[in-house]
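# Understanding the architecture of this molecule
These are the residues of each chain, in order.
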Amino acid sequence: WSWTVLRKLNTFFENAENCKDEKVRNQYIALTRFFRAYFYFEKVKTFGDVPWYDKTLGSEDPELNRPRDSRDYVMQKMIEDIDYAIENLPASVSTFRVNKYAALALKAEFCLYEGTFRKYHEGHVTLTGDLALPEDAQPYTYYLDLAAKAAKEVMDCGLYSLAPDYRNLFAADEADA
């Protein structure tokens, strides 16, 4: 239940305007929003409903004790973050840097997760065991469609491919073969 990483991310957002180079600033904001979406993906998988914090909080801040936000709200905020990252991260391939296609892959992963979760749970499991989402919540098909579109864009970019002999990665007689 650690929120230290989120505090660091939100601290960056609050100080990003100090960078005068708009292009660099937007790229680092995109990178930070990528990691915030990833942070919340891990929280949603583990806890379901969690509070969405988009500002730095102190240890005495009363907002620390506010109730959780709905899973649907958090997922929509994650999509906003990852869409910003997709638009503002470079498309060039790098082994050491997050790029547009890594953001698309993350979007595909968390939308696939959420879509299948909603499809097979008809909402989310609450502490009381009920299955419920707000009436205006997005249906599972919305998330599965987003996942398919994001994955297709990665596949169609032509920059990535499966290993030529993909089957042998899993069927080799020896692990180091």
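Above: the structure in question.
Attention in this report is confined to the structure presented alongside it.

Quick notes on the rules
- Residues numbered from 1 in each chain as written.
- Predicted model: local features only at pLDDT ≥ 70, side-chain atom pairs only at ≥ 80, totals over all residues.
- Heavy atoms only, no water.
- Helix = DSSP H or I, 4+ residues; strand = E, 2+ residues; numbered from the N terminus.
- Buried < 20%, exposed > 50% of the residue type's maximum accessible area, 1.4 Å probe, protein only.
- Contact = heavy atoms within 4.5 Å.
- Areas by Shrake-Rupley, 256 points an atom, 1.4 Å probe, with all protein chains shown as cover.
- Lys, Arg positive; Asp, Glu negative; His and termini not counted.
- Charge placed at Lys NZ, Arg CZ, Asp CG, Glu CD.
- Salt bridge = Lys/Arg side-chain N within 4 Å of Asp/Glu carboxyl O.

### Some thoughts on the overall build of the protein chain
Along the protein chain, the regular secondary structure elements total 6 helices and 2 strands. Helices and strands in the protein chain line up, N terminus first, as α-α-α-α-β-β-α-α. Considering only C-alpha atoms, the protein chain reaches an extent of 55 × 50 × 35 Å along its principal axes. Scored against the burial criterion, the 177 residues of the protein chain give a buried share of 34%. Put simply, of all contacts in the protein chain between residues at least 6 apart along the chain, 63% involve residues at least 24 apart. Entry remark: accessible area of the protein chain is about 11,300 Å², with carbon and sulfur atoms responsible for 53%. In the protein chain, the 22 positive side-chain charges and the 29 negative ones have mean positions that sit 4 Å from each other.

### Considerations on the pattern of salt bridges
Tallying each qualifying case throughout the model produces 15 salt bridges. A salt bridge links Lys45 to Glu42; the shortest N-O distance between them is 3.2 Å. Remark: Glu42 and Lys45 occur in helix H2 (residues 22–47); sequence separation between them is 3 residues, near one turn of the helix. Overall, the relative accessible area of 34% leaves Lys45 in the partly exposed class. Residue class for Glu42 comes out partly exposed when judged on its relative accessible area of 29%. In this structure, the salt-bridge partner of Lys100 is Glu153, at a minimum N-O distance of 3.5 Å. Of the two residues, Lys100 sits in helix H4 (residues 100–121) while Glu153 sits in helix H5 (residues 140–156), which places them 53 residues apart along the sequence. Residue Glu153 is classed as partly exposed on the basis of its relative accessible area, which comes to 34%. Shared partners join several salt bridges into a network, and the residues in it are Lys55, Glu63, Arg66 and Asp69.

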